[in-house]
Amino acid sequence: AQSEIVLLATPATAAIDVAKSLGDTTGKVIIDAMNVVMGRGPAGFTNTAEAILANTQSHEVVKSFNTTGYDNMLNTVYGSEKLDMFMAGDSKDAKARVWQLALDAGFAECYDVGGNDKFALMEQFAFFWINLAMMQGQGRSIGFKLLRR
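To start, this report covers the structure provided alongside it. No experiment lies behind these values; they were computed from the predicted model shown.

**As for the environment of glycine 23**
Here glycine 23 shows up in the loop between helix H1 (15-21) and strand E2 (29-32). The class for glycine 23 is partly exposed, based on a relative accessible area of 35%. Sequence spacing of glycine 23 and glutamine 57 is 34 residues, and the spatial spacing of their C-alpha atoms is 8.7 Å.

Structure representation (structure tokens):
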């Protein structure tokens, strides 16, 4: 109840129940770190962020911290590089706070991929990591870094 920011990282099938259990979320930033994988998600929704928006008072929902595994959350460093994080949501204020949290968590950068209309894209990006790590046998010790010339 006293938190200004709430991070949800539960199974996607529990998204609605967990969102409802939060009580009054007016003015709170909710970070959605969940993903619908292989059709397993909140009933009636294609992604977890939309389920959160529909079942809380908060309009400050940011999809982030969902595109990598827990081991990369513990250690973002690969050689001399740090992994990058990504986020989506309509609230510029909420995204500024999530950006700072990503940097505080050790990520090199947190890239804004757009508004609420990019929630599904973020989950597809997460599934890309899951596919490489789990289904293609690359293992969990892989991560994403945006490079520039």
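Next comes the rest of the account.
**Looking at the sheet that holds strand E1 (residues 5-8)**
Strand-to-strand pairing in sheets goes through backbone hydrogen bonds, with the strands running parallel or antiparallel. Across the sheet, 5 strands lie side by side as E1-E2-E3-E6-E7; this open sheet has mixed pairing. Two strands lie at the open edges of the sheet, namely E1 and strand E7 (110-112), each paired on one side alone. Taken pair by pair, the neighbouring strands of this sheet meet at an average axis angle of 25°, ignoring direction. Two strands pair when backbone bridges link them, and E2 and strand E3 (residues 60-64) are joined in this way by 4 bridges, in the parallel orientation.

**Structural notes on the nonpolar core**
Among the nonpolar cores identified, the biggest contains 20 residues, and Leu8, Ile52, Val61 and Trp129 are the most heavily contacted of them. Elements supplying a minimum of two residues to this core: E1, H1, helix H2 (48-54), strand E6 (85-88) and helix H5 (119-135). Once residues lying within four places of it in the same chain are set aside, the contact partners of valine 61 are Ile30, Ala49, Ile52, Leu53, Ala88, Gly89, Asn116 and Phe119. In this structure, Ile31, Phe65, Met85 and Cys110 belong to the second largest nonpolar core, which totals 13 residues.

**A closer look at helix H4 (residues 92-104)**
Under the 1.5 Å per step criterion, the end-to-end length of H4 is 18 Å for 13 residues, consistent within 8% with the ideal 18 Å. Among all positions in H4, only Ala94, Lys95, Val98 and Ala102 are buried. Burial along H4 is one-sided: seen end-on, the buried residues are contained in an arc of 95°. Residues of H4 that are exposed and point more than 90 degrees away from the buried face comprise Lys92, Asp93 and Asp104. In this structure, the buried side of H4 is in contact with E2, E3, E6 and E7. Immediately beyond the C-terminal end of H4, within one or two residues, lies glycine 106, with a positive phi of roughly 105°.

**Quick notes on the pattern of salt bridges**
Within this structure, the stated rule accounts for 8 salt bridges. Arginine 140 serves as the salt-bridge partner of aspartate 71, at 3.5 Å between the closest nitrogen and oxygen. Of this pair, aspartate 71 sits in helix H3 (residues 70-74) while arginine 140 sits in the segment after H5, and the two are 69 residues apart along the sequence. Among the residues examined, aspartate 71 registers a relative accessible area of 22% and is labelled partly exposed. In this structure arginine 140 comes out as partly exposed when scored by relative accessible area, which is 25%. Salt-bridge contacts for lysine 95 lead to aspartate 112; the nearest nitrogen and oxygen are separated by 2.8 Å. On the criterion of sequence distance, the pair formed by lysine 95 in helix H4 and aspartate 112 in strand E7 is long-range, its members being 17 residues apart. For aspartate 112, a relative accessible area of 45% gives the class partly exposed. Taken together, the salt bridges that share partners define one network made up of Asp32, Lys63 and Glu123.

What counts, and where the lines are drawn
- Residues numbered from 1 in each chain as written.
- Predicted model: local features only at pLDDT ≥ 70, side-chain atom pairs only at ≥ 80, totals over all residues.
- Heavy atoms only, no water.
- Helix = DSSP H or I, 4+ residues; strand = E, 2+ residues; numbered from the N terminus.
- Buried < 20%, exposed > 50% of the residue type's maximum accessible area, 1.4 Å probe, protein only.
- Pairing = 2+ DSSP bridges.
- Axes fitted to C-alpha atoms, helices over the stretch in contact; angles between N-to-C directions.
- Core = buried A, V, L, I, M, F, W, Y, C linked by side-chain atoms within 4.5 Å.
- Contact = heavy atoms within 4.5 Å.
- Expected span 1.5 Å × (residues − 1).
- Arc of directions from axis to C-beta.
- Salt bridge = Lys/Arg side-chain N within 4 Å of Asp/Glu carboxyl O.

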